Structures are given as C-alpha cells and as structure tokens.
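Listed here are the chains, written in short residue letters.
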Amino acid sequence: MSKLKIALAKGDGIGPEIMDATLELFAAAGVSKHLEYIPVEMGKSVFDAGNSRGMTEAAVKTVEDVGLVFKGPMETPKGGGGKSINVTLRKMFNAFANVRTFKTLPGVHTVYSRAGVPIDMTIVRENIEDTYGGVEHRLSNDMIQCKRLISAPGCDEVHRFAWQHARKLGLKKVFCGHKANIMKMTDGLFLDRFKAAARDFPEIESADVIVDALCMNLVIRPQQYQMVVLPNLQGDIVSDLCAGLVGGLGFAPSANIGKHICLFEAVHGTAPDLAGKGIANPTALILSGLMMLRHIGMLQQAAVIENALLTALEQGVRTGDFGDTSKPVLGTRQYVQAIVERLGSKPSSVASVAVPEGPETLPVFSRPPRPLSQQVIRTFSNVVRHVVGCDIYLDTPLSPVSVAEEMQRICEDTPFRLLLVSNRGTQVWPTGSVYTECVDYYRVRFELKDGHRPGDFGQARCVALLDKVAEKFQVCSYELLRVFDGVKGYSLAQGQ
Ligand code: NAI
C-alpha cells in the first residue's frame with residue numbers, strides 16, 4: 001500500500017519536542033502507517049549556514065513535489081536581512097488563506113469558559129499581500145516607507161476559499177473585518193471583493209465590521225462570530241487576540257491553504273524560554289495536525305484523536321501553561337502519553353466529535369497539475385485608463401511654501417499645474433494649518449492644466465516633468481494619477 005508523502009520540518013526551539021510528541025500520538029492512532037514523513041531542512045540551522053532564505057534547494061523541491069508540509073515553529077533571525085521563513089513559505093508557495101480555528105476546550109479555563117460563553121470561531125487571514133510584502137525603503141533622513149499591496153485577484157483567492165470553507169462547515173454568517181473607512185482603496189478593495197464573492201453563497205449571511213470595533217466585540221461577545229475574513233496584518237493581530245479568548249497560543253492551530261501547496265503549523269513561535277525543557281504544550285500542533293488529517297480526508301482518525309484529546313483535557317490532563325492547578329503538571333511527552341491512553345474514549349462534559357462509520361479512511365490529496373511557469377492571475381476586465389497627472393515624492397527639508405514656489409516655477413512651461421503639497425498624507429499647501437508639523441519628505445501633486453486632455457500619452461509627459469523636478473530636488477519616487485473607466489485611481493490628501 002503506497003503512503004501519502006508529507007514534508008516534515010520539526011522547526012526550532014520547542015519545535016522538535018512538540019513535533020516528536022505529536023507524531024507519537026499519530027503513530028499510536030494508526031495514522032502514521034498511511035503517511036511517509038520526508039524531513040526537509042528549514043529554519044535556524046539553514047540560516048546559520050549562511051542561507052538567507054532559510055531553506056535548502058532540496059527542501060524547496062520536496063515541498064513542490066509533495067504539496068503538503070507539516071511544520072514546527074521556526075526562528076526568525078533578529079536584525080540583518082534574513083526574512084521570516086514562516087512568511088517566506090506561505091508567500092513562495094502561494095498558500096493564500098491562513099485558517100485559524102479557536103474553540104473552547106474543556107479543562108482550559110478562561111474568563112469565557114467560567115462564564116459559560118462557548119467560543120467556536122474561524123479566522124481566515126489573507127496570507128500573501130498587505131504590508132507582508134515587506135517592501136520597505138528609506139526615503140529621506142527621517143522617513144521610512146512600507147508599501148501596502150492589495151490586489152483584486154489576491155482578494156478573490158482568499159474570499160472564495162473562505163466562503164467555500166464556511167459552506168463546508170455549515171456556517172450561518174461570515175464577516176469581513178477591515179479598515180475601509182480610512183484606507184478606502186486598499187481595504188475598500190478587500191471589502192468589495194468579499195461582497196462580490198458572497199453573491200455565490202446566498203444561503204450564508206454576510207456582514208462587515210471595522211477591525212477596531214471587531215476587537216472590542218470579540219472581547220465583549222465573542223460568541224457572535226463564526227468566521228471572520230481579514231487582510232494579512234489585521235488578521236495576524238486579531239487571530240492572536242482570539243487565541244487569548246480560548247486560553248492562549250498553546251491552543252491555536254492553523255492551516256495555510258493554497259491551490260497546490262498547503263502548510264500546517266501552530267500559531268505560536270519557538271518559545272525559546274521553554275526550549276529543551278520538555279515542558280511545552282503540544283496541543284496547538286496536535287490540533288494543526290488534525291486540520292491536516294481532515295484536509296487529506298482522514299476524518300475517522302482525526303475524530304478519534306480529537307475525542308481522546310478532549311477526554312484528557314476534561315480529566316485535568318495539562319502542561320504547565322494552563323489548567324486546574326490542583327492537578328499535576330505533565331511534561332510534553334507525558335501529556336501526549338495521557339492522550340494516547342484515552343484513544344477510543346469520548347468526552348462526557350462536552351459534545352464528542354462524530355466518528356465517521358465504515359472502513360478506515362485512507363489519505364487522499366489531489367492537486368491541479370504543476371504549472372509550466374509562474375502564473376499571472378488577473379481579473380481581466382478591459383478597463384480604460386487615462387493619465388491625469390502625477391504625484392512626485394521629494395526628500396527635502398524646505399518649508400511647504402518654499403516647496404510650492406519651487407514646484408510652480410518648475411511646471412510653468414509644462415502641461416501641468418501644481419495642485420497640492422502634502423506631508424505625511426496631510427495637505428499643507430495651498431490650504432492647511434500652521435499647526436501641521438512637517439517632516440523632510442513631501443508629496444507634490446500635479447494635474448493637467450485646463451485645455452490638456454487626459455490620455456495614454458500622459459506618462460511620457462509625467463516623466464519629462466519628473467526629470468525637470470529631479471534637476472533641482474532629490475526625487476524619491478513618483479506615482480501616476482490615473483482614472484480607470486472614469487473613476488479616480490488615487491486618494492485625496494487629508495484635508496484636501
Ligand atoms: P512565542 O509564540 O514563541 O512565545 C510567546 C509566549 O508564549 C512565550 O511566553 C512562550 O513561552 C509561550 N508559548 C508559545 N508556545 C507555547 C507552547 N506550545 N506551550 C507553552 N507556552 C508557549 O513568540 P515569540 O517569543 O514572539 O517568538 C519566538 C520566536 O518564534 C521568534 O523567532 C519568532 O520569529 C518565531 N515565531 C515563529 C512562528 C512560526 O513558526 N509560525 C510564529 C511566531 C513566532
């Protein structure tokens with residue numbers, strides 16, 4: 001009988017301890033005989049060997065061949081150029097949806113469990129875009145920028161997945177969390193595409209909530225949410241908040257789902273304070289493993305393991321980070337042994353997970369054929385674009401009035417006029433407040449003078465203007481101002 005291959009990266013810090021314990025449980029539950037774990041080299045040892053990507057070429061090939069990764073937490077090098085291997089993995093292999101489930105567990109006491117408030121919620125976090133593009137530049141002596149990138153097809157991938165997942169789970173309502181009241185274009189796009197995707201799932205109610213209000217609501221009445229979909233950074237923060245609602249990071253599993261490659265890991269990190277002591281809580285990794293087993297159709301085995309875990313928890317089995325303090329603290333290995341001893345049992349204080357009947361379920365993982373080259377995903381609408389001006393960004397310590405005077409002189413014999421000067425997004429010329437403090441990085445906005453028709457030719461004229469500005473000023477960058485099918489493709493300055 002052929003086994004399903006899974007790339008296995010035990011991780012750093014507590015990673016190897018909790019992974020070994022989890023695999024021990026999987027073996028005892030009869031899972032491992034159907035799976036072949038292929039070790040892959042990733043994380044600290046690879047960074048330490050001078051590989052700034054944090055994974056070997058052989059590891060990349062294995063992940064691409066196999067399509068499934070079960071991983072422990074991995075350390076991100078502090079300082080230097082080394083980026084988080086965890087984020088690299090999700091982005092490089094296009095695992096666009098980060099699914100995190102948060103559930104009240106017996107024996108894990110929280111203010112909510114004590115108050116009898118049950119929590120059962122899924123956060124779906126966009127996993128590729130947003131500030132996690134990590135596109136950052138120093139623009140002047142005092143200013144640093146991080147670009148926030150949100151694309152329509154990127155939104156569509158995560159929203160489509162979220163709605164399909166909600167349907168599979170039989171949920172009644174899905175929320176989109178966002179900040180579209182402030183970031184009208186980026187978060188606005190994320191929200192628009194959520195609403196568009198919702199139309200294909202009419203049996204599920206859809207709603208949106210501003211992320212700050214969401215955080216308050218989650219603390220006051222968490223049971224009102226079944227699923228929330230969020231952009232990357234907001235989803236990261238909100239999901240740690242949700243972990244706190246159910247007892248902490250030790251109980252927060254996650255799956256990173258893509259069309260071709262899926263990665264399963266706990267939400268927590270390497271817990272350097274616990275590493276090597278054999279005392280870390282493996283529950284989040286076990287729960288992540290259960291997400292993986294369900295993803296590959298091993299529903300029976302997942303249900304049996306989950307029931308054993310719930311039984312152990314309700315009987316007070318615990319590691320040092322949670323539980324009834326009158327019960328003994330177990331090490332990672334003993335904790336897992338206690339779960340193994342309860343395989344076949346069902347919890348009595350909470351609903352057990354239904355174990356599908358019939359012959360043992362075997363793992364299945366199907367994926368689309370390997371693409372021949374990197375795919376360009378597009379929404380393919382034939383939008384008519386017209387250039388109407390440009391924003392030029394300057395590194396200068398001058399005052400707003402001096403910047404404006406210089407710019408007006410520069411654009412005199414061009415097709416453009418100076419519309420505004422802004423600093424940190426706030427208009428400081430032609431109107432503004434003397435109380436607006438400025439830093440050494442300005443935006444000057446030019447638009448076509450009356451009598452000049454917008455057109456595709458505009459980019460060349462903008463570049464010519466940029467050239468003239470650059471003769472006198474340090475230009476950091478420029479952005480075209482364009483209308484798309486007659487709709488402005490740029491935001492107004494604050495106070496404009
Ligand atoms: P962390 O999640 O490792 O630790 C935060 C706190 O939670 C610590 O007090 C720790 O003892 C506790 N904790 C975490 N997991 C636990 C467990 N299983 N059982 C009991 N207690 C647990 O976060 P931190 O300290 O910010 O990050 C440490 C390293 O982990 C960093 O290098 C970071 O980049 C990396 N990291 C990796 C992640 C991943 O692999 N997906 C996710 C988050 C952080």
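The rules behind these values
- Residues numbered from 1 in each chain as written.
- Predicted model: local features only at pLDDT ≥ 70, side-chain atom pairs only at ≥ 80, totals over all residues.
- Heavy atoms only, no water.
- Disulfide = S-S within 2.5 Å.
- Buried < 20%, exposed > 50% of the residue type's maximum accessible area, 1.4 Å probe, protein only.
- Core = buried A, V, L, I, M, F, W, Y, C linked by side-chain atoms within 4.5 Å.
- Contact = heavy atoms within 4.5 Å.
- Near = heavy atom within 4 Å.
- Polar contact = N/O pair within 3.5 Å; in protein donor to acceptor, adjacent residues only side chain to side chain.
- Areas by Shrake-Rupley, 256 points an atom, 1.4 Å probe, with all protein chains shown as cover.
- Nonpolar A, V, L, I, M, F, W, Y, C, P; charged D, E, K, R; others polar.
- Helix = DSSP H or I, 4+ residues; strand = E, 2+ residues; numbered from the N terminus.
- Domains from an automatic or database assignment.
- Buried area = accessible area lost by both parts, 1.4 Å probe.
- Salt bridge = Lys/Arg side-chain N within 4 Å of Asp/Glu carboxyl O.
- Phe/Tyr/Trp six-rings, centres within 6.5 Å; stacked < 30°, edge-to-face > 60°.
- Lys NZ or Arg CZ within 6 Å of the ring centre and 35° of its normal.

## Here's the deal with the state of the cysteines
Here is step 1 of the chain: A full pass over the atoms with the stated rule returns zero disulfides.
Here is step 2 of the chain: Distance from the sulfur of Cys215, which forms no disulfide, to the nearest cysteine sulfur (Cys242) is 8.3 Å.
Here is step 3 of the chain: Note on Cys215: relative accessible area 22%, which makes it partly exposed.
Here is step 4 of the chain: Left unpaired, Cys411 is separated from the closest cysteine sulfur, that of Cys390, by 10.0 Å.

## Some words on the nonpolar core
Here is step 1 of the chain: Core analysis: the biggest nonpolar cluster contains 76 residues, and Leu68, Phe70, Phe264, Leu293, Ile296, Ile305 and Tyr335 have the highest contact counts within it.
Here is step 2 of the chain: When sequence neighbours within four positions are dropped, the list of residues in contact with Leu68 reads Leu4, Lys5, Ile6, Ala7, Cys262, Phe264, His295, Ile296 and Phe365.
Here is step 3 of the chain: Residues Cys390, Ala404, Leu466 and Phe473 belong to the second largest nonpolar core, which totals 23 residues.

## What to know about the site of the ligand
Here is step 1 of the chain: Surveying the vicinity of the ligand reveals 20 residues, the closest of which are Met74, Gly269, Ala271, Asp273 and Asn281.
Here is step 2 of the chain: Contact distances for the ligand include 3.3 Å between a nitrogen atom and a side-chain N or O atom of His268.
Here is step 3 of the chain: A distance of 2.8 Å separates a nitrogen atom of the ligand from a polar backbone atom of Asn281.
Here is step 4 of the chain: Coverage of the ligand by the protein amounts to 68% of the 810 Å² it exposes when considered alone.
Here is step 5 of the chain: Residue classes in the shell around the ligand are distributed as eight nonpolar, six polar and six charged.

## Side note on the environment of Asn51
Here is step 1 of the chain: Inspection of the secondary structure puts Asn51 in the loop between helix H2 (44-48) and helix H3 (57-66).
Here is step 2 of the chain: In sequence terms Asn51 and Gly82 are 31 residues apart; their C-alpha atoms lie 8.7 Å from each other.
Here is step 3 of the chain: Ignoring any residue separated from it by four or fewer positions in sequence, one finds Asn51 in contact with Val46 and Thr56.
Here is step 4 of the chain: Within the local environment of Asn51, its side chain forms a polar contact with the backbone nitrogen of Arg53, the two atoms lying 2.9 Å apart.

## Regarding the domain arrangement of the protein
Here is step 1 of the chain: Here the protein is described as being made up of domain 1 (1-96 + 258-381), domain 2 (122-238) and domain 3 (385-488).
Here is step 2 of the chain: Distance between the C-alpha centres of domain 2 and domain 3: 32 Å.
Here is step 3 of the chain: Domain 2 puts seven residues into the contact, and the matching count from domain 3 is seven residues.
Here is step 4 of the chain: When the two sides are added together, the surface that domain 2 and domain 3 hide from each other amounts to roughly 560 Å², 58% of it contributed by carbon and sulfur.
Here is step 5 of the chain: Three residues stand out in domain 2 for area buried against domain 3, namely Leu139, Ser140 and Met143, and they jointly supply 68% of the buried area on that side.
Here is step 6 of the chain: Our enumeration of links across domain 2 and domain 3 arrives at one salt bridge.
Here is step 7 of the chain: With its nearest N and O atoms 3.8 Å apart, the salt bridge here joins Lys147 to Glu479.
Here is step 8 of the chain: In terms of residue class, the side of domain 2 that touches domain 3 is made up of two nonpolar, three polar and two charged.

## Examining the pattern of salt bridges
Here is step 1 of the chain: For the coordinates displayed, the defined rule picks out 27 salt bridges.
Here is step 2 of the chain: Between Glu203 and Arg167 there is a salt bridge whose closest N-O contact spans 2.6 Å. Taken together, the positions of Glu203 in the loop between helix H7 (186-198) and strand S9 (205-210) and Arg167 in helix H6 (residues 152-169) put the pair 36 residues apart, joining distant regions of the chain.
Here is step 3 of the chain: By relative accessible area, Glu203 is classed as partly exposed at 48%.
Here is step 4 of the chain: Judged by relative accessible area, which is 42%, Arg167 ranks as partly exposed.
Here is step 5 of the chain: Salt bridges sharing common partners tie together Lys71, Arg90 and Glu265.

## Notes on the packing of aromatic side chains
Here is step 1 of the chain: In the structure shown here, the tally under the stated rule is seven aromatic pairs.
Here is step 2 of the chain: Plain terms: the ring middles of Phe175 and Tyr225 are 4.8 Å apart, the flat faces sit at 70 degrees to each other, and that makes the pair edge-to-face. Here Phe175, found in strand S8 (residues 173-178), pairs with Tyr225, found in the loop between helix H8 (211-220) and strand S10 (227-230); they are 50 residues apart in sequence, far enough to count as distant. Taken as a pair, Phe175 and Tyr225 share a single burial class, namely buried.
Here is step 3 of the chain: A ring pair is formed by Phe251 and Phe322, whose centres lie 4.8 Å apart and whose planes are at 90 degrees; its orientation type is edge-to-face. Of this pair, Phe251 sits in the loop between helix H9 (232-245) and strand S11 (253-257) while Phe322 sits in the loop between helix H11 (299-314) and helix H12 (332-341), placing them 71 residues apart in sequence. For the pair Phe251 and Phe322, one class covers both residues: buried.
Here is step 4 of the chain: Ring pairs connect the aromatic residues Trp163, Phe194 and Phe201, which therefore count as one cluster.
Here is step 5 of the chain: The ring of Tyr132 is capped by Arg125, whose NZ or CZ atom sits 5.0 Å from the centre of that ring.
Here is step 6 of the chain: Positioned above the aromatic ring of Phe380 is the side chain of Arg378, whose terminal nitrogen or guanidinium carbon lies 5.0 Å from the ring centre.

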